[in-house]
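A closer look at the structure
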Amino acid sequence: MVTGGCGACVVLLSKYDPVRDEVENFSVSSCLTLVCSVDRCSITTSEGLGNSKDGFHPIHQRFSGFHASQCGYCTPGMCISLFSALVNAEKTPRAEPPPGFSKLTVSEAEKAIAGNLCRCTGYRPIVDACKSFAADVDMEDLGINSFWKKGESKETKISKLPFYNPSDQICTFPEFLKDEIRSSMQRNSKTSSWYNPFSVEELQSMLESNLAENGTLVKLVVGNTGTGYYKEILDQYDKFIDLRYIPELSVITRDQKGIKIGATVTISKAILALKEGNNGEFHSQVFQKIADHMEKIASGFIRNTASVGGNLVMAQRNYFPSDIATILLAVGSTVNIMTDLKHYKLTLEEFLGRSPLDYGSVLFSVHIPCWEPARNGSKKSSTKLLFETYRAAPRPLGNALAYLNAAFLAEVTPCKTSNGVIIDNIQLAFGAYGTKCAIRARKVEEFLAGKQLSVNVLSEAIKLLGAIVVPEVGTSSAAYRSSLAVGFLFEFLHPLVDAFLTKPSKIISIHKQFDIENVASLLSRKLVVESNQKYYPVGEPITKAGAAIQASGEAVFVDDISSPTNCLHGAFIYSTKPLARVKGVKIRSKALQDRVAGLISVGDIPEGGDNVGAKTMFGFEPLFADDLTRFAGQRIAFVVADTQKLADLAAESALVDYDTENLEPPILTVEEAVDRSSFFEVPPFLYPAQVGDFSKGMAEADHKILSAEIKLGSQYYFYMETQTSLAIPDEDNCMVVYSSSQCPEFAHSTIASCLGVSEHNVRVITRRVGGGFGGKAIRAMPVATACALAANKLRRPVRTYLNRKTDMVMAGGRHPMKVTYSVGFKSNGKITALHLGILINGGFSVDISPIMPRNMIGALKKYDWGALSFDIKVCKTNHSTKSAMRAPGEVQASFIAEAVLEHVASVLSMNVDSVRNRNLHTVESLKLFYEDSAGEYFEYTLPSIWDKLAKSSCLHQRIEMIQQFNGSNKWQKRGISRVPIVHEVALRPTPGKVSILQDGSVVVEVGGIELGQGIWTKVKQMTAFALSSIQCDGTEDLLEKVRVVQADTLSLIQGGFTAGSTTSESSCEAVRLCCNILVERLYPVKNKLLDKAGSVKWESLILQVLLMPKSGRQSGIRCASSGLRMTCKEEIYGAPVWVLGGGEWILGMIHGLNEIPDHVRRCLIVALRSLSRCTTRSLPTLRPCNVSLHLGMLPDCFLAYLGTKELASLIEAFSPICHSTLSTSSSSSPLFSALATTVWGNRQFDSGRGRGDYNCGDHGFSCRGHGQGGGVVVVIVVVLRVSENVPIVVWRITLWIIVGISMVVMLLMRPQSLRRIQKSTTWPLLSYLPQDLPHSREHPYLNVSSILHEMSLLLTVIHFPLMSAKAHSQAVNLSTSSYYVPDFTSMHYLNYGAAVSEVEVNLVTGGTKILQADIIYDCGQSLNPAVDLGQVEGAFVQGLGFFMLEEYETNSDGLVVADGTWTYKIPTIDTIPKWFNVEVLNSGHHQKRVLSSKASGEPPLLLAVSVHCATRAAIKEARKQLSCWKGLEGCDDSTIFQLEVPATMPVVKELCGLDNVECYLESLLLSVATS
Ligand SMILES: Cc1cc2nc3c(=O)[nH]c(=O)nc-3n(C[C@H](O)[C@H](O)[C@H](O)COP(=O)(O)OP(=O)(O)OC[C@H]3O[C@@H](n4cnc5c(N)ncnc54)[C@H](O)[C@@H]3O)c2cc1C
Ligand code: FES
């Protein structure tokens, strides 16, 4: 089920050539790479480049700093693609780059990630990160980042970039492997089923023996990329023969006759060879153009392994829509094949035309001849050879199959008798248009040969061609494909008609005028973000939390969690019928049946459980079809097997027995739903109110449009991480489920209902989600529930990771709809009334569809419609359930509003922008339309945005320039459009929890899930901001101390949905509430400390609090067994001194945690050693004890002061003592236990070293030693740092007093107390006295006096008997949770923004190019402008996908057929705006918002409608021109049309005229005839 189409799994493959002693590095798609094919290779993942342990690579650091990672799922693949480009650039002979840069050029850097998909970022920041390595980069061109500040000099900027040194080679190939390869140059050519023949003879004998072995299935393999398209089941083969080691198949030879490329040569290598030695001769130019075309095939990481021969064989045998076949056909290439062990040479045309190559035949090589006019037999010096290749595909830079490709080679001569051109010869090849193989248009060639080129001849040739290039029945966009053939031929020949007459030498350059796919320099941008210092660090554009580990691939997604023992994997079997009885399901293959562990279906739901797969407030959705399946894509069963591959195979091969007899026909359209009254109920409180009186408004209108229609299709989420879950049965009928979910709370409840257990038996954990966009909200629940159900039944862990196809079939996606509108308007463009009839296709289950009317009307009201009425129905159909997708309903409504205005403007022949202007809201009309959410008048920022954008984008100047451009260009037209948005959002109640740990670090839980939208980053900032109001020293560094942790439905309840754009802000607010409570609790302590010490550090405050008595009677820490109580008595320079048990013992308290100098650490070690001597001396008979160690306290102290290494050595130092303790008392020392457990428990030291069994506690925070009795070890390390202004003598005296008292107490106490308690436990009091330090000669650094000059040290270890957990608890509760409930009056609010987009349309292909997009978006006072900017750009590009590219197609039964990267095209780097200017407005008008911030997740997606509108404007120009050509100027309504969504190339071309070329030629002929 792999496709190689997304790039998320790209790794670096390295091969070693022992002869040349060279390592070759290149990126590959790991999903398509067969394990046996990488024998003796080395693989480097992104983590191999750098990681959190060894340090990140500059690529990771720059990706992180340029905010180029959002959800992070695509990022490791991106990093490797860039790394591969960097490595290969270094091999070029280019000049050495300046320090910190590479030899990569900007253009190469941009293309390095072409083909890697990212659904979150919109690519801009990724491009910046890539370009930052290019030697020729313009630093001004790099966008917002965390490295430098605005206005810094170029030099400073460069110095702040994480340094890249190309000579810091990453070892991509280990030496040991090189040695191994050198020592056995000739490798074993055979494994059980994998064969590597090294010669043709060896290959021949293998093929021969296979012929003999009847029934053996053999697969010849090179790069194996073909399986990305044909989804072959490789398990069916008995043998694989890897052709790559046969020299004859891998050579490239070039001579005067041409270039011979071995069949196993990769496309990347062929490109290099074809580009090599371009000496300006014609054949070199041909080779160069072939290479240029090949660069648009697939993507770099595919071309690196995909072979030329594999491509041709796929084209020949499987009719693959190959580019290589077409372009090589045009230049008369030949192939060499071996069939039945004999060699043949055939022309490529013969090869493609003959019967499919049988599986025993081998393609050896392809030969591309050299073409030169002289060598072609022509003696005439004026003869020219022309060669061009063409390709129309949804994405110009590749990774998209062509609708049609073509290549033409012509020999032309100026006509002697007249001003014209004679075509001596011409070769025309067309392919990929829905034909079996690429073809030569022989009839047209023959027609043209020898003819003098004229409009008439061209016109005739085109007519002939139209009859030849005819796609096979069933091919999509058939007419469009034929029109492309015509268009390309016209492009090729028409310039000759026009230009050859005067300047024959310009032929080649004239051809370039059509070259719209020239994407040499792609992208530029200007970003304006104003950061806001008021709430520091809120408002800072800080780097996204976890971005670096996302880049290195260390971030853990659900599928990265290691499988528990016995884990099974599941795959869904889904229905392919819209309505049918399910009579049975079985796995077709017997072999698979035996390997399947279970087939879970509705019958497996336990007693008391329900058939529920998803729950919302509106209803539920069944987990599995029961007796009936009700839509294509419905889950019928969940097949469970040992591996994901096996489960997928079993599901794929499942045979479902359907029966449709006597069933009503399914409802497959909204019209049918209306006829059969099949609707979902919309609760009245969700149904929006009408505005004004529609009839009155219509009566006021000068003009009316009645019952115009719009249809909108669906959109697939295309999160990079498909749906995934892992369910682990736990004790006592509990279930722990890891789910990639946007609302774990509801998944939790659904699972409990399905299993029929209480909700406390279920726990759902979500750490991060690899992209959601709404699709991981409700749609993730059935996946988690199915895993839980299977795990429940089989009592084994069960996980699944849906393959892309299943995910696409089941996902549902955005709501399709049909809209009918009637609108009344004045002659000046002012609209007086609008009525909408909207039929929304909700699919089969209710999901959240009832929110659609409200969402739609919320966004539609962006204009003042005068009066607005509507009738919205949510239809229940037999389609897959539709769900929320980013800006659900709002994006469609925003589009509808624009379509209405465009229609009005067209009817009035007015400029659309002025119609928009006229209908923008005034403050009054805004209040009327948005009663609850309009806010104060000053919050309405749209008018100022609108004007500001006109200026910043130079709108009016550009409109003029575009008019000029359109006037002087026939085949490209441009359009520009400015569009506003008003997007209503609502805050929802959200929980938060903040806990401060002993070292002052902070852990936060929030209801919102990290989906890439940066919620954790904003929450961190808010936590740091809110806690810093305590005003301690060090709170400015709090940001670093905050960690937001995974959502756990049993830890934080009521998490709700992460949706609707407001979860970040409401989570921030919940956290702020928590922090406020904590600050309130901390204030008294802080004030007390402040009074005494003058300043308080954050860490000191927290530690102080930890040992502080609660208050009054309850103050102190009570010792459970002895009843002793610790109370605070004294403080020494901010370090409290605690007196235990009414003055018996004195302990020191930590002061000054940071930056312990090394020598102090060493002191502590020696002190502990000396202490241990003391231990054995004073307590020779330690009893075995049950040590319950609270590591929450202990390791923090130790690790902070000593570090693990020192601790380890300390334990070593303790060993002898402990031995002796053991030998005398056969028990373990509690102190040793404590230390050992600290280190071993945490660091996996050997726990069986004879010092007792130290088992890590189940939650990792407490450890137990063996033995009897009980107790708690509390180790308190005291470092009293001498404040500079405290005389040392005062310090010494104080210490001596403390020590003295403690000694006295000890002496006084020991005889009675110790004996009293000895029965139950030990009671050691150990004091370390400074003068006991070993002599300085032995420990030079331990010179007592020098230590006392710098610090004083007191270390006390006590062992409290049976001190209960409560006794250890803090006096101040350092953890709190809250539930933020927004104020009803301000929970709804409006977001404003506007965009100007400029688009160029190619009238020959229908291709669109977004030349520029300018956006201003009001984020209020952004919580993090970098995060918000990323949201704006990412949303815009996702919207662009909806409006321009993404076709989520189904068959007539409603089964999704656009089910993978081959058929579903999301934007890539080459389809985003070439210039992209974004301003995140820091308006600060929004006091009722969370710190004046506003939402950014969804509203900017609506702005992408500006691209659609600009395309419409360009098409209008094209249609006006077409009307002229048709002689209909001024008398038709060509400017009134609906432009479908998405406006794909076929759609655009159809509106520009599928026959526009023919019309143009006819108009020329007509004008010649009439003149
Ligand atoms: C994501 C993606 C996008 C792509 N986009 C394009 C595109 O836009 N345009 C385009 O033209 N192509 C495209 N391709 C196709 C790609 O070029 C081919 O998959 C590739 O060239 C096949 O080479 P391979 O070495 O991987 O062949 P393999 O997959 O190893 O083999 C393919 C088939 O050919 C057989 N075979 C291979 N070599 C020989 C031989 N020498 N003799 C006999 N049989 C042989 C194999 O047995 C197998 O049946 C794309 C591929 C992918 C994965
Ligand atoms: S960051 Fe690229 S897909 Fe999410």
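Residues numbered from 1 in each chain as written. Chains lettered and ligands numbered in written order. Predicted model: local features only at pLDDT ≥ 70, side-chain atom pairs only at ≥ 80, totals over all residues. Heavy atoms only, no water.

Take the overall build of the protein next. Helices and strands together make up the secondary structure of the protein, namely 50 helices and 53 strands. Per-residue burial for the protein yields a buried fraction of 63% across its 1571 residues. Long-range pairs, those at least 24 residues apart, make up 78% of the contacts in the protein with a sequence separation of at least 6. (Helix = DSSP H or I, 4+ residues; strand = E, 2+ residues; numbered from the N terminus. Buried < 20%, exposed > 50% of the residue type's maximum accessible area, 1.4 Å probe, protein only. Contact = heavy atoms within 4.5 Å.)

All right, on to the sheet that holds strand 28 (residues 724-730) then. If you walk across this open sheet you meet the eight strands as 20-24-18-31-28-29-30-39, and the pairing is mixed. Whereas interior strands pair on both sides, the edge strands pair on one side only; in this sheet they are strand 20 (596-600) and strand 39 (1047-1048). Sheet topology note: the strand 18 (residues 568-574)/strand 24 (residues 635-641) ladder contains six bridges and is antiparallel. Bridge pairing in strand 24 links Tyr-574 to Arg-635. The sheet strands contacting helix 27 (residues 781-794) are strand 18, strand 20, strand 24, strand 28, strand 29 (734-739) and strand 31 (798-801), and the helix crosses strand 28 at an angle near 30°. (Pairing = 2+ DSSP bridges. Axes fitted to C-alpha atoms, helices over the stretch in contact; angles between N-to-C directions.)

Attention now moves to the confidence of the model for the protein. In regions of low pLDDT, the predicted coordinates are not meant to be interpreted in detail. Per-residue pLDDT for the protein has a mean of 83; in total, 80% of the residues score no lower than 70. This stretch, residues 1109-1157, has a pLDDT under 50; its non-local contacts, to residues over four places away or in other chains, come to 140 contacts. Low confidence marks residues 1309-1370, where pLDDT is under 50. Its contacts with residues over four positions away, or in another chain, come to 156 contacts. (pLDDT = per-residue confidence, 0-100.)

On inspection of all chains with the given rule, the structure shows 42 aromatic pairs. With 5.7 Å between their ring centres and 35° between their planes, Tyr-16 and Phe-173 make a pair best called tilted. Here the residue Tyr-16 occupies a position in strand 1 (residues 10-17), and Phe-173 occupies one in the loop between helix 6 (154-160) and helix 7 (175-183), the gap between them amounting to 157 residues. A network of ring pairs unites the aromatic residues Tyr-716, Tyr-717, Phe-718, Tyr-719, Tyr-1448 and Tyr-1464 as a single cluster. (Phe/Tyr/Trp six-rings, centres within 6.5 Å; stacked < 30°, edge-to-face > 60°.)

Note on placement: Trp-971 falls in the loop between helix 34 (955-968) and strand 35 (972-986). Residues Trp-971 and Thr-1405, 434 residues apart in the sequence, show an inter-C-alpha distance of 9.5 Å.

If you check the shell around ligand 1, you find 37 residues, and the closest are Leu-220, Thr-225, Ser-307, Asp-323 and Leu-363. Between Thr-225 and ligand 1, the recorded distance is 2.5 Å, taken from a side-chain N or O atom to an oxygen atom. For ligand 1, an oxygen atom lies 3.3 Å from a polar atom in the side chain of Arg-317. For ligand 1, whose free accessible area comes to 970 Å², the fraction covered by protein is 97%. Those elements giving two or more residues to the shell around ligand 1 turn out to be strand 5 (218-221), helix 14 (308-318), helix 15 (323-330) and strand 11 (362-369). (Near = heavy atom within 4 Å. Polar contact = N/O pair within 3.5 Å; in protein donor to acceptor, adjacent residues only side chain to side chain. Areas by Shrake-Rupley, 256 points an atom, 1.4 Å probe, with all protein chains shown as cover.)

Before going further, it helps to spend a moment on the UniProt feature "binding site: [2Fe-2S] cluster 1" (unreviewed entry) in the protein. What UniProt calls "binding site: [2Fe-2S] cluster 1" (unreviewed entry) maps, in this numbering, to Cys-6, Cys-9 and Cys-31. Across 26 residues of sequence, these annotated residues stay compact in space, with a maximum C-alpha separation of 10.2 Å. By the secondary structure assignment, Cys-6 is in the segment before strand 1. Ignoring any residue separated from it by four or fewer positions in sequence, one finds Cys-6 in contact with Gly-115, Asn-116, Leu-117, Phe-301, Met-720 and Thr-1461. Here Cys-9 shows up in the segment before strand 1. With a relative accessible area of 24%, Cys-9 lands in the partly exposed category. Not counting the four nearest positions on each side in its chain, Cys-9 is found in contact with Val-28, Ser-29, Ser-30 and Cys-31. (UniProt positions renumbered as here; feature names shortened; annotations may be inferred.)

A few words on the UniProt feature "binding site: FAD" (unreviewed entry) in the protein. Within the UniProt annotation, "binding site: FAD" (unreviewed entry) is assigned to Ser-307, Val-308, Gly-309, Gly-310, Asn-311, Asp-323, Leu-363 and Arg-391. Within the secondary structure layout, Gly-310 lies in helix 14. Given the relative accessible area of 25%, Gly-310 is considered partly exposed. Structurally, Asp-323 is set in helix 15. Leaving out residues up to four positions away in the same chain, Asp-323 has contacts with His-293, Ile-297, Arg-391, Ala-402 and Asn-405.

Two elements in contact, helix 35 (residues 1015-1027) and helix 37 (residues 1063-1093), have axes separated by 9 Å at closest approach and are oriented at 25°. Of the possible angle classes, the one that applies to helix 35 and helix 37 is roughly parallel. Helix 37 is crossed by helix 35, and the crossing has right-handed handedness. On helix 37, the residues touching Ile-1015, Lys-1018, Val-1019, Met-1022, Thr-1023, Phe-1025, Ala-1026 and Leu-1027 of helix 35 are Thr-1063, Ser-1064, Ser-1067, Cys-1068, Val-1071, Arg-1072, Cys-1075, Asn-1076, Leu-1078 and Val-1079. Classifying every residue of the contact of helix 35 with helix 37 gives eleven nonpolar, five polar and two charged. (Parallel < 35°, antiparallel > 145°, perpendicular 65-115°, else oblique. Left-handed = near helix turned anticlockwise from the far one by under 90°. Nonpolar A, V, L, I, M, F, W, Y, C, P; charged D, E, K, R; others polar.)

Of all eleven residues making up strand 33 (residues 831-841), ten are buried, and the element is well covered by its neighbours. Across nine bridges, the pairing between strand 32 (residues 817-825) and strand 33 is antiparallel. Across the sheet, residue Gly-824 finds its bridge partner in strand 33, namely Ala-833. Hairpin connection from strand 32 to strand 33: five residues lie between these consecutive antiparallel strands, with Gly-829 at a positive phi of about 95°. With nine bridges connecting them, strand 33 and strand 34 (residues 867-875) associate as parallel partners.

On to helix 23 (residues 644-652), then. Extensive coverage of helix 23 is indicated by the burial of seven of its nine residues. Among the residues of helix 23, Gln-644, Leu-646, Ala-647, Asp-648, Leu-649, Ala-650 and Ala-651 are the ones counted as buried.

Quick look at the sheet that holds strand 27 (residues 703-712) now. Taken together, the five strands give an open sheet; going across it, the order is 26-34-33-32-27, and neighbouring strands pair in mixed fashion. Looking at strand neighbours, the two that pair on one side only are strand 26 (679-680) and strand 27, the edges of this open sheet. Packing against the sheet, helix 29 (residues 852-860) makes contact with strand 32, strand 33 and strand 34, and its axis sits at approximately 150° to strand 34.

Throughout the structure, instances matching the rule amount to 55 salt bridges. A single salt-bridge network, built from bridges that share partners, covers Lys-862, Glu-898, Glu-902, Arg-916 and Arg-1512. (Salt bridge = Lys/Arg side-chain N within 4 Å of Asp/Glu carboxyl O.)

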